[in-house]
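What follows is the residue order along each chain.
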Amino acid sequence: MKAREGATDEEQIWQVVRLIPRGRVATYGQVAALAGLPGGARKVGRTMSRLPNRTRLPWHRVVNASGRISLPIGSTGHREQKRRLEREGVAFVKGRLSLARFRWRP
DNA sequence: TTCGTGACGTGCA
DNA sequence: GTGCACGCCACGA
């Protein structure tokens, strides 16, 4: 077995997402890398999908590498994420946001 | 165990 | 810009 210094992969992911500032976004791959899981973008997505609706984690600040919301268009989650981001000042143009402008750079 | 699927990413036509 | 293939990893049928 290997030591994990107490934190599981999921906990690492939550920790990173929690650091994303208001009005900025991070990509799944970026979160994975910062959490020490290179190539674990999918794992981040899976972790997000399992979050309880009540979570206080800023999950809406995580988008895919194209600057688009990965949830199915029209789904409740998609609308919710877009609404929260716009309320933080993130502008969407044709269903897409500018990573050049809003990407979080730790 | 194999196969399909998914809140992903990158490269290329 | 759009679509597709492929790589990647975890899960469940």
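Everything in this summary refers to the structure shown in the same document. (Residues numbered from 1 in each chain as written. Chains lettered and ligands numbered in written order. Predicted model: local features only at pLDDT ≥ 70, side-chain atom pairs only at ≥ 80, totals over all residues. Heavy atoms only, no water.)

**Concerning the protein's contact with DNA strand C**
Surrounding DNA strand C, one finds Arg42, Arg46, Arg68 and Arg96. The sugar-phosphate share of atoms of DNA strand C within 4 Å of the protein amounts to 75%. Here a phosphate oxygen of DNA strand C sits 2.7 Å away from a polar atom, N or O, in the side chain of Arg96. A breakdown of the residues in the surface near DNA strand C according to their chemical character gives no nonpolar, no polar and four charged. (Near = heavy atom within 4 Å. Polar contact = N/O pair within 3.5 Å; in protein donor to acceptor, adjacent residues only side chain to side chain. Nonpolar A, V, L, I, M, F, W, Y, C, P; charged D, E, K, R; others polar.)

**A closer look at the pattern of salt bridges**
When the charged atoms of two side chains with opposite charge come close together, those side chains can pair. Under the criterion given, the structure shown has five salt bridges. Lys82 is the salt-bridge partner of Glu86, the closest N and O atoms lying 3.1 Å from each other. Here the residue Glu86 and the residue Lys82 both occupy positions in helix H4 (residues 76-87), the gap between them amounting to four residues, near one helical turn. The exposure class of Lys82 is partly exposed, given its relative accessible area of 27%. Salt bridges sharing partners connect three or more residues here, namely Glu80, Arg83 and Arg84. (Salt bridge = Lys/Arg side-chain N within 4 Å of Asp/Glu carboxyl O. Helix = DSSP H or I, 4+ residues; strand = E, 2+ residues; numbered from the N terminus. Buried < 20%, exposed > 50% of the residue type's maximum accessible area, 1.4 Å probe, protein only.)

**So, the protein's contact with DNA strand B**
Inspection of the region around DNA strand B gives 13 residues, with Tyr28, Arg42, Asn64, Ala65 and Ser70 positioned closest. Between DNA strand B and the protein, one listed contact pairs a base nitrogen with a backbone N or O atom of Met48 at 3.5 Å. Take Ala65: an N or O atom from its main chain is 2.7 Å from a phosphate oxygen of DNA strand B. Listed by contribution, the elements that provide at least two residues to the surface near DNA strand B are helix H2 (28-34) and helix H3 (41-49). It is H3 that provides the largest number of residues to the surface near DNA strand B, a total of five residues.

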